[in-house]
Amino acid sequence: MEHYDLLVIGGGAAGIAAATAACGAGCASVAIVDRKPTLGGVLLQCTHRGFGSNLTGIEYARQLLKDFPPEVTVIGNTTVLSLEATRVAHLSGGRRLSFSQLILATGCREIPMGALPIAGTRPKGIYTAGQMQEMMNLHGFVPEGPAVILGSGDLGLILANQLAQVGIPVTLVEKQRRCGGLTRNQKCLDDSHVRLICGQTVTEVRGQTKLEACHLSGGDWIACKTLLLAVGLRPERTLVSHLGDPTWLHLCGNCNTVHPMVEGVLTEAIQAGQTAWETMRKHG
Ligand SMILES: Cc1cc2nc3c(=O)[nH]c(=O)nc-3n(C[C@H](O)[C@H](O)[C@H](O)COP(=O)(O)OP(=O)(O)OC[C@H]3O[C@@H](n4cnc5c(N)ncnc54)[C@H](O)[C@@H]3O)c2cc1C
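Calculation rules
Residues numbered from 1 in each chain as written. Predicted model: local features only at pLDDT ≥ 70, side-chain atom pairs only at ≥ 80, totals over all residues. Heavy atoms only, no water. Helix = DSSP H or I, 4+ residues; strand = E, 2+ residues; numbered from the N terminus. Buried < 20%, exposed > 50% of the residue type's maximum accessible area, 1.4 Å probe, protein only. Contact = heavy atoms within 4.5 Å. Areas by Shrake-Rupley, 256 points an atom, 1.4 Å probe, with all protein chains shown as cover. Lys, Arg positive; Asp, Glu negative; His and termini not counted. Charge placed at Lys NZ, Arg CZ, Asp CG, Glu CD. Pairing = 2+ DSSP bridges. Axes fitted to C-alpha atoms, helices over the stretch in contact; angles between N-to-C directions. Near = heavy atom within 4 Å. Polar contact = N/O pair within 3.5 Å; in protein donor to acceptor, adjacent residues only side chain to side chain. Nonpolar A, V, L, I, M, F, W, Y, C, P; charged D, E, K, R; others polar. Domains from an automatic or database assignment. Parallel < 35°, antiparallel > 145°, perpendicular 65-115°, else oblique. Left-handed = near helix turned anticlockwise from the far one by under 90°.

Visitor: Hey, could you go over the overall build of the protein chain for me, with residue numbers and the actual values?
Guide: A count of helices and strands for the protein chain gives five helices and 19 strands. Considering only C-alpha atoms, the protein chain reaches an extent of 60 × 40 × 30 Å along its principal axes. Among the 284 residues that make up the protein chain, the fraction classed as buried is 49%. Across the protein chain, contacts joining residues at least 24 apart in sequence account for 63% of those joining residues at least 6 apart. When the accessible surface of the protein chain is summed, it comes to about 13,600 Å², and 51% of that surface belongs to carbon and sulfur atoms. Charged side chains in the protein chain number 24 positive and 22 negative. The centres of these two groups are separated by 3 Å.

In structure tokens:
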């Protein structure tokens, strides 16, 4: 079985920074695994500016990867399916790796429709916001309007901006009394295509095969062909939930805490990379 001193699971900003830091500190045997073909994680679907010195996510990923050490083994297109307490990782395709230290950098998951108290069937046209961002920015998909976006945090606002730019009428529905996202993302609210309804939520959807309308808690039905759910993110730690807190396990990035800004991810990941290498030197 192949062995690495350090295995990093997840090749987003956190995994890239952690692997780079561990390598820079002296760890010579590092592998990074990601289910996607290329490193970058969520950055690769972000075409909006606001990363670092106002770069797009894609530009920021490129910048991060400029310093990526060539000696790190990159295993792309591969999902880590499970981990054993004996420090063995089972990968898709039947491959197994053993490791001394593990950095989990698996990012976060969006809250899906099934987790929300929304009545009705599940017609075509309902997506999570991150799914839609990936479909639009990586695959050129344009959703049908009008659209309702549930949640006015940054992800909801970024999508509202993007849909408004292509002329799709958007209603942002926010259960709090005011819009939730950063001021810089609220520019869509000045666009005539975007309407904000605060203090309400979506309680029901209607439509046989395709979405036709959403019902709001205030009593109105809004005709729409697309509903985007931007209601929150949860750290993705399923792989390690049975392991307790072994000294060889280090978490960083959005699988540890959901970070609104990439700088917070990097700080935590650099620390995790260095700690993993120090632990390796002390305990193996
Ligand atoms: C839509 C959006 C917009 C944002 N906008 C900004 C912004 O404008 N400015 C800013 O500073 N920050 C922004 N952020 C915050 C910041 O960019 C992210 O928090 C950061 O990029 C997350 O990095 P990460 O490595 O923790 O997670 P991710 O980038 O999600 O990386 C996790 C990686 O793990 C992989 N993975 C997961 N499970 C497995 C498995 N079992 N096996 C193999 N691989 C696996 C995934 O494929 C993914 O590549 C934004 C975040 C989002 C979601």
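So that's the structure; there's more coming.
Visitor: Provide a residue-level description of the sheet that holds strand 16 (residues 221-223), including the pertinent values.
Guide: Read from one edge of the open sheet, three strands run 14-15-16, paired in antiparallel fashion. Sheet topology places strand 14 (202-206) and strand 16 at the edges, where each strand pairs with a single neighbour. Each adjacent strand pair in this sheet contributes to an overall mean axis angle of 25°, direction not counted. Here three bridges tie strand 15 (residues 213-216) to strand 16, and the two strands are oriented antiparallel to one another. Paired with alanine 213 across the strands is alanine 223, a residue of strand 16.

Visitor: Describe the environment of cysteine 108, and please don't skip the residues or the numbers.
Guide: Here cysteine 108 lies in strand 9 (residues 108-110). Separated by 36 residues in sequence, cysteine 108 and glutamate 144 have C-alpha atoms that sit 27 Å apart. In contact with cysteine 108, not counting residues within four places along its chain, are Leu233, Arg234, Pro235, Glu236, Asn254 and Val258.

Visitor: How would you summarise the environment of asparagine 161 if you had to cite specific residues and measurements?
Guide: Looking at the element boundaries, asparagine 161 is found in helix 4 (residues 154-165). Distance from asparagine 161 to lysine 187, taken between C-alpha atoms, is 7.4 Å for residues 26 residues apart in sequence. Contact partners of asparagine 161, with chain neighbours within four places excluded, come to Asn185, Lys187 and Cys188.

Visitor: Lay out the site of the ligand with the relevant residues and their values.
Guide: In the vicinity of the ligand there are 34 residues, among which Asp34, Val42, Gly50, Asn254 and Val262 approach most closely. One nitrogen or oxygen atom from the side chain of histidine 48 is found 3.1 Å from a nitrogen atom belonging to the ligand. Here an oxygen atom of the ligand sits 2.9 Å away from a polar atom, N or O, in the main chain of valine 262. Computed on the free molecule, the ligand has an accessible area of 1,000 Å², of which 92% lies beneath the protein chains in the complex. Per-element accounting of the shell around the ligand gives the leading share, three residues, to helix 5 (residues 262-283). A breakdown of the residues in the shell around the ligand according to their chemical character gives 15 nonpolar, 14 polar and five charged. When we break the shell around the ligand down by domain, the ones giving at least three residues each are domain 1 (2-109 + 234-283) and domain 2 (112-231).

Visitor: Residues and numbers for the packing of helix 1 (residues 13-25) against helix 5, please.
Guide: Contact pair helix 1 / helix 5: the axes reach a minimum separation of 7 Å and the direction vectors enclose 40°. Relative to helix 5, helix 1 is oriented oblique. Here helix 1 runs over helix 5; the crossing is right-handed. Side by side, helix 1 and helix 5 meet where Ala13, Ala14, Ala17, Ala18, Ala21, Ala22 and Ala25 of the first sit next to Val262, Val265, Leu266, Ala269, Ile270, Gly273, Gln274 and Trp277 of the second. Grouping the amino acids of the contact of helix 1 with helix 5 by side-chain chemistry returns 13 nonpolar, two polar and no charged.

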